[in-house]
Amino acid sequence: MRQHGKLEYGGHAAPQRTCVGCRVRTAKSELLRLVRVEDHVVPDLRGRLPGRGASLHPSLSCLELAERRRAFPRAFRVTGPLDISPVRAHLEGEPRNVM
Ligand SMILES: [Zn+2]
């Protein structure tokens, strides 16, 4: 049986991801999925964008941690600089998780 479009909280079957900022493992549903579009890192709000993703708590402090430790180039397997301003703008404009 598959469930679509529902978030599971506390279920043992809920997938987990590691936040690229603070490196804490959290339920995937609590994390913001980020994808790379050319040189930009953008929030994948619908979980539909193709490509390699990275997970981040929807918080500016985790974004800053990730930036400081250069987690994004590593997560996306690129060597050049990445523009994370779309993610920052999203987090500044939307302090709560948007679903
Ligand atoms: Zn985090």
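For the structure itself, look to the data block above.
Predicted model, so just to flag it, every value in this text is computed and none were measured.

What counts and what doesn't
- Residues numbered from 1 in each chain as written.
- Predicted model: local features only at pLDDT ≥ 70, side-chain atom pairs only at ≥ 80, totals over all residues.
- Heavy atoms only, no water.
- Buried < 20%, exposed > 50% of the residue type's maximum accessible area, 1.4 Å probe, protein only.
- Helix = DSSP H or I, 4+ residues; strand = E, 2+ residues; numbered from the N terminus.
- Arc of directions from axis to C-beta.
- Contact = heavy atoms within 4.5 Å.
- Donors = N, O, S within 2.8 Å, 3.2 Å for Na, K, Ca; no water.
- Tetrahedral: all angles 85-135°; square planar, octahedral: opposite > 155°, others 65-115°.
- Phe/Tyr/Trp six-rings, centres within 6.5 Å; stacked < 30°, edge-to-face > 60°.
- Pairing = 2+ DSSP bridges.
- Salt bridge = Lys/Arg side-chain N within 4 Å of Asp/Glu carboxyl O.

**Q** A description of helix H3 (residues 85-93) should follow, citing residues and the corresponding values.
**A** Here H3 has its buried residues at Val87, His90 and Leu91. The buried side chains of H3 occupy one side of the element, clustering within an arc of 95° when seen end-on. Across from the buried face of H3, at angles greater than 90 degrees, the exposed residues are Glu92 and Gly93. Among the structural elements, strand E3 (32-37), strand E4 (40-43), strand E5 (53-56) and helix H1 (60-68) are those in contact with the buried residues of H3.

**Q** Describe the coordination of the zinc ion, naming the residues involved and giving the relevant values.
**A** Bound to the zinc ion are the protein donor atoms Cys19 (SG), Cys22 (SG), His57 (ND1) and Cys62 (SG), situated 2.0 to 2.3 Å from the metal. Classification of the site at the zinc ion as tetrahedral follows from its four donor atoms and the range of 100 to 118° in their angles at the metal. In primary sequence terms, the donor set of the zinc ion follows C-x2-C-x34-H-x4-C. Remark: His57 occurs in the loop between E5 and H1 and Cys22 occurs in the loop between strand E1 (16-18) and strand E2 (25-27); sequence separation between them is 35 residues.

**Q** Requested: an account of the packing of aromatic side chains, with residues and values cited.
**A** Taken as a whole and assessed by the stated rule, the structure comprises one aromatic pair. Note on Phe72 and Phe76: the rings are 6.4 Å apart at their centroids and 15° apart in plane angle, and the pair reads as stacked. Of this pair, Phe72 and Phe76 both sit in helix H2 (residues 71-76), four residues apart, roughly one helical turn. Of the two residues, Phe72 and Phe76, neither departs from the other in class, the shared state being buried.

**Q** Can you lay out the pairing of E3 for me, pointing to particular residues and giving the numbers?
**A** The pairing of E3 with E5 spans four bridges and is classified as antiparallel. The residue bridging Arg33 from the neighbouring strand is Ser55, located in E5. Pairing between E3 and E4: four bridges, direction antiparallel. Within E4, the residue paired with Leu34 across the bridge is Pro43. Hairpin remark: E3 followed by E4, antiparallel, with two residues in the connecting loop; positive phi at Glu38, about 55°.

**Q** Can you break down the pattern of salt bridges residue by residue, with the values?
**A** Taken as a whole, this structure holds three salt bridges when the rule is applied. Across the pair Arg88 and Glu64 runs a salt bridge, and its minimum N-O distance is 3.6 Å. Highlighted residues: Arg88 in helix H3 and Glu64 in helix H1, separated in sequence by 24 residues. A salt bridge links Glu67 to Arg88; the shortest N-O distance between them is 3.2 Å. Of this pair, Glu67 sits in helix H1 while Arg88 sits in helix H3; the two residues are 21 residues apart in sequence, bridging distant segments of the chain. The partly exposed category is assigned to Glu67, whose relative accessible area is 39%. Residues participating in the shared-partner salt-bridge network are Glu64, Glu67 and Arg88.

On their own, these measurements won't tell you what the molecule is for.
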